[in-house]
Amino acid sequence: MTAKRKMQAKGAQVIGAMKEVVGRATHNRKLEAEGKAEKTAGHGLDASEKIKDAVRRPWQH
């Protein structure tokens, strides 16, 4: 996984989690939903990169 993609994935997860918490604290359902979506997108990006690494790994030797 490239460092840039890993940082993008982790950043999306962190920002999404913060939006979710702030949305929950302020009773802003839209912000909470945005946070959940962004966090989920970050997890998806992270998973796709891990799959790419797993597929590439056998052919690197």
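Anything mentioned here points back to the structure above.
Source: prediction; values computed, not measured.

Between two packed helices, what matters for the description is the angle formed by their axes and the separation of those axes. Relative orientation of the contacting elements helix 1 (residues 3–25) and helix 2 (residues 29–56) amounts to 160°, with a least axis distance of 7 Å. One element, helix 1, and the other, helix 2, form an angle in the roughly antiparallel class. The way helix 1 lies across helix 2 gives a crossing that is left-handed. Class assignment of the residues belonging to the contact of helix 1 with helix 2 gives a composition of 7 nonpolar, 7 polar and 13 charged.

In this section: helix 1. Helix length check: helix 1 (23 residues) gives 33 Å between terminal C-alpha atoms against 33 Å at 1.5 Å per residue, within 8%. Within helix 1, the full set of buried residues consists of Ala9, Ala12, Gln13, Gly16, Glu20 and Gly23. Packing partners of the buried residues in helix 1 comprise helix 2. Following helix 1 by one or two positions, His27 has its phi on the positive side, about 60°.

Once that is clear, we can look at unusual backbone geometry. A negative phi holds for most residues other than glycine; trans holds for most peptide bonds. Its identity is not glycine, yet His27 carries a phi of approximately 60°, on the positive side. Relative to the assigned elements, His27 resides in the loop between helix 1 and helix 2. For His27, a relative accessible area of 73% gives the class exposed.

This brings us to the environment of Arg5. Mapped onto the elements, Arg5 comes out in helix 1. Through-space distance from the C-alpha of Arg5 to that of Val21 is 24 Å; in sequence the pair is 16 residues apart. The residues contacting Arg5, other than those within four sequence positions of it, are Leu45, Glu49 and Lys52.

What counts, and at which threshold
- Residues numbered from 1 in each chain as written.
- Predicted model: local features only at pLDDT ≥ 70, side-chain atom pairs only at ≥ 80, totals over all residues.
- Heavy atoms only, no water.
- Axes fitted to C-alpha atoms, helices over the stretch in contact; angles between N-to-C directions.
- Helix = DSSP H or I, 4+ residues; strand = E, 2+ residues; numbered from the N terminus.
- Parallel < 35°, antiparallel > 145°, perpendicular 65-115°, else oblique.
- Left-handed = near helix turned anticlockwise from the far one by under 90°.
- Nonpolar A, V, L, I, M, F, W, Y, C, P; charged D, E, K, R; others polar.
- Expected span 1.5 Å × (residues − 1).
- Buried < 20%, exposed > 50% of the residue type's maximum accessible area, 1.4 Å probe, protein only.
- Contact = heavy atoms within 4.5 Å.

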